Amino acid sequence: NTVEPCDFVIFGTKGDLARRKLLPSLYQLEKASLVHRDTKIIGVARNEMSNGEYVALVKENIEKFSGQSLCEDTWARFSAKLDYVCLDMQDSLAYEGFKEHVDAKRTMVCYLATPPSIYGAICKGLNDAGIIDPTMRVVLEKPIGHDLASSKVINNQVAEYFRENQIYRIDHYLGKETVLNLIALRFANSIFATNWDHNCIDHVQISVSESVGIEGRWGYFDEAGQMRDMVQNHLLQILTLIAMEPPTTLDADSIRDEKLKVLKSLRPINSSNVGEKTVRGQYTGGFVKGKEVPGYLDEPDANQKSETETFVALKVELDNWRWAGVPFYLRTGKRMPTKVSEIVIYFKPQPHNLFKDSFAKLPPNKLTIRLQPDEGVEITVMNKVPGLTGSSSMNLQKSKLNLSFSETFADERIADAYEKLLLEVMIGNQALFVRRDEIEQAWTWVDSIIKAWESSNEPPEPYQAGTWGPVASIALMARDNRAWYESK
Ligand code: BG6
């Protein structure tokens, strides 16, 4: 896998994503000498700007969002690769002028960091100017649609000009070190590979809590809600990596075929069971990390009648052989006490309790995979407390086998998800990108839940900012005699 020289074009280079993530990530790749010396990085936006002004702007953004001052050598190499094109991206005639900035000898990568509503226009413009060739790659940012029907429209527009093996749909969670590690953990360790099913696992919890609110994105967020913003993509992608069968190889389609099978096995949630299996919440004013924050309806630009959810909890069941009878509980929300993403696998209890004198019920073994922050893997086991007690009155204690990434891999920097994904695009490996059928299957399942919510006419349950969500989410677990894992 080598990085080829490419024309890396960022459509929407002045937008939030490009400024916060794409340009700083490309800079880090340059620092790690992973960008080919003949690569060009071309920013496209509507504003008139000279190349010099663009370079200064990129510098300012990288310093701001990477939080570090730039290394002179790296910046010199990186800035020499930058180019800027002022273009009305919706005007297909304007692309003629764009042609002179790219070179057919290099692979072209087009990153569409624009609203999806103009993906079609950009593809058409490139096509009309005769720029598209079979080696070209196009990267699509989420949201790819609002539901199944609108995602099909966007995918069809792009598919008019690009084949599926040229399309890289980003879900940045797939670039997170710890999410990728799920594949290593499961398939490089027989201890997990052989205990990973309904015989050994009681249930699984996936929690992605955020302390931030909607960060000034009312327009986008209120249309989407937490279900579309986080569950349809990130949480379902995590779930597929936990639940999928071993792929035949690590190549893109082997992995994606297995993920798709998981999505197809999700038991539908609809009007008949939505009340029992789902909880939606919306935050009210409160305190997060000691700071007072407004409620969702009091955010700038808010529509005070909005019934959009900022929290979702779900009981998800998979109708397949491996996971029969093993619920996956998903929980994600904004304005929760802290930012933490965790997967907790609860193993089944021992068939017989030898220690009932000290423990009426032995606590289950738990495998906790901390995705962020403080990345790590932890196993909770029962251990004898050292001492003179014999076998008849053994004193046991819940203890932890703890693998902390920051200690074990102290010399390794944990790269931002976008760094890894941009590198994969430049290499041309689609394994960490979402295939069209996966997106459509995920929408099919999510649409049914959203439709059931709409027809129930129940508003989301309020929860105070700085708490773990509405009371109903505790009840969702309590009905099954279970409780949410308490993050540290
Ligand atoms: C984005 C969502 O996809 O993921 C945001 O649009 C959310 O609303 C973000 O805050 C969370 O990503 P991370 O990497 O900070 O967990």
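In this text the structure is predicted, and so the values were computed from the model without any measurement.

## A few points about the packing of aromatic side chains
Right, on to step 1. This model, assessed by the stated rule, comprises 15 aromatic pairs.
Right, on to step 2. Taken together, a centroid distance of 5.2 Å and an interplanar angle of 85° make the contact between W323 and F328 edge-to-face.
Right, on to step 3. By relative accessible area, which is 0% here, W323 ends up buried.
Right, on to step 4. Among the aromatic residues, ring-to-ring pairing joins W218, F221, Y283, Y296, F311 and Y463 into one connected group.
Right, on to step 5. Across the ring face of Y173, the terminal group of K176 is positioned such that the distance to the ring centre comes to 4.6 Å.

## Some points on helix 3 (residues 72-81)
Right, on to step 1. Three or more residues of helix 3 are buried, namely T74, W75, F78, S79 and K81. Angular distribution of buried residues about the axis of helix 3 spans 145°; they occupy a single face of the element. Exposed residues pointing more than 90 degrees away from the buried face of helix 3 are listed as E72, D73 and A80.
Right, on to step 2. In the core, the buried residues of helix 3 are packed alongside helix 1 (16-31), strand 2 (40-45), helix 2 (51-66) and strand 3 (82-86).

## Points about the UniProt feature "binding site: NADP(+)" (unreviewed entry) in the protein
Right, on to step 1. Taking the numbering used here, the UniProt-annotated feature "binding site: NADP(+)" (unreviewed entry) corresponds to R46 and K142. Among the annotated residues just listed, those that line the largest pocket are R46 and K142.
Right, on to step 2. Residue R46 is classed as exposed on the basis of its relative accessible area of 64%.
Right, on to step 3. If sequence neighbours within four positions are ignored, R46 has contacts with Y84, C86, L87 and D88.
Right, on to step 4. Summarising the element assignment, K142 is placed in the loop between strand 5 (137-140) and helix 6 (148-159).

## Considering the pairing of strand 5
Right, on to step 1. The alternating pattern of strand 5 places R137 and V139 on one face and V138 and L140 on the opposite face, and all of these are buried.
Right, on to step 2. As judged from the four bridges shared by strand 4 (residues 107-112) and strand 5, these two strands associate in the parallel manner. Bridge assignment links C110 to a residue of strand 5, and that residue is V138.
Right, on to step 3. In this fold, the crossover linking strand 4 to strand 5 by way of helix 5 (residues 119-128) has right-handed handedness.

## Brief notes about the pattern of salt bridges
Between side chains of opposite charge, pairing is possible as soon as their charged atoms come close.
Right, on to step 1. Across all of its chains, the model carries 35 salt bridges by this definition.
Right, on to step 2. For D7, the salt bridge is made with R106, and the minimal N-O distance between the two is 2.8 Å. Linking D7 in strand 1 (residues 6-11) with R106 in the loop between helix 4 (95-98) and strand 4, this pair joins segments that are 99 residues apart in sequence. Just as D7 is buried, R106 falls in that class too.
Right, on to step 3. A salt bridge links D128 to K124, with the shortest nitrogen-to-oxygen separation between them at 2.6 Å. Linking D128 with K124, this pair stays in helix 5, spanning four residues, or about one helical turn.
Right, on to step 4. Overall, the relative accessible area of 40% leaves D128 in the partly exposed class.
Right, on to step 5. The structure contains a network of salt bridges with shared partners spanning D253, R256, D257, R435 and D437.

## Re the pairing of strand 11 (residues 311-316)
Right, on to step 1. The element strand 11 is largely enclosed, with a buried count of six among its six residues.
Right, on to step 2. Side chains of strand 11 alternate between two faces, with F311, A313 and K315 and V312, L314 and V316 buried alike.

## With respect to the packing of helix 7 (residues 177-187) against helix 9 (residues 218-243)
Right, on to step 1. Helix 9 packs onto helix 7 with a crossing angle of 10° between their chain directions and a minimal axis gap of 9 Å. When the axes of helix 7 and helix 9 are compared, the pair comes out roughly parallel. Mapping the contact onto sequence places V179, L182, I183 and R186 in helix 7 and I238, L241, I242 and A243 in helix 9.

## Section: empty space enclosed by the protein
One simple way to see leftover space: roll a probe sized like a water molecule over the atoms.
Right, on to step 1. Summed over the entire model, instances satisfying the criterion amount to one cavity of 30 Å³ or more.
Right, on to step 2. Taken as a whole, the largest cavity spans an internal volume of roughly 40 Å³.
Right, on to step 3. If you go around the largest cavity, the residues you meet are L174, L180, I183, L241, I255, K259, A431 and L432.
Right, on to step 4. Of all the secondary structure elements, the ones that give two or more residues to the lining of the largest cavity are helix 7 and helix 10 (252-265).

Cut-off values and rules
Residues numbered from 1 in each chain as written. Predicted model: local features only at pLDDT ≥ 70, side-chain atom pairs only at ≥ 80, totals over all residues. Heavy atoms only, no water. Phe/Tyr/Trp six-rings, centres within 6.5 Å; stacked < 30°, edge-to-face > 60°. Buried < 20%, exposed > 50% of the residue type's maximum accessible area, 1.4 Å probe, protein only. Lys NZ or Arg CZ within 6 Å of the ring centre and 35° of its normal. Helix = DSSP H or I, 4+ residues; strand = E, 2+ residues; numbered from the N terminus. Arc of directions from axis to C-beta. Contact = heavy atoms within 4.5 Å. UniProt positions renumbered as here; feature names shortened; annotations may be inferred. 1 Å grid on protein atoms, 1.4 Å probe; cavity = no way out; pocket = protein on both sides within 12 Å on 5 of 7 lines; lining within 4 Å. Pairing = 2+ DSSP bridges. Right-handed = clockwise from strand over helix to strand, strands pointing away. Salt bridge = Lys/Arg side-chain N within 4 Å of Asp/Glu carboxyl O. Axes fitted to C-alpha atoms, helices over the stretch in contact; angles between N-to-C directions. Parallel < 35°, antiparallel > 145°, perpendicular 65-115°, else oblique. Points joined across faces, edges and corners; volume = space filled by probe spheres on them.

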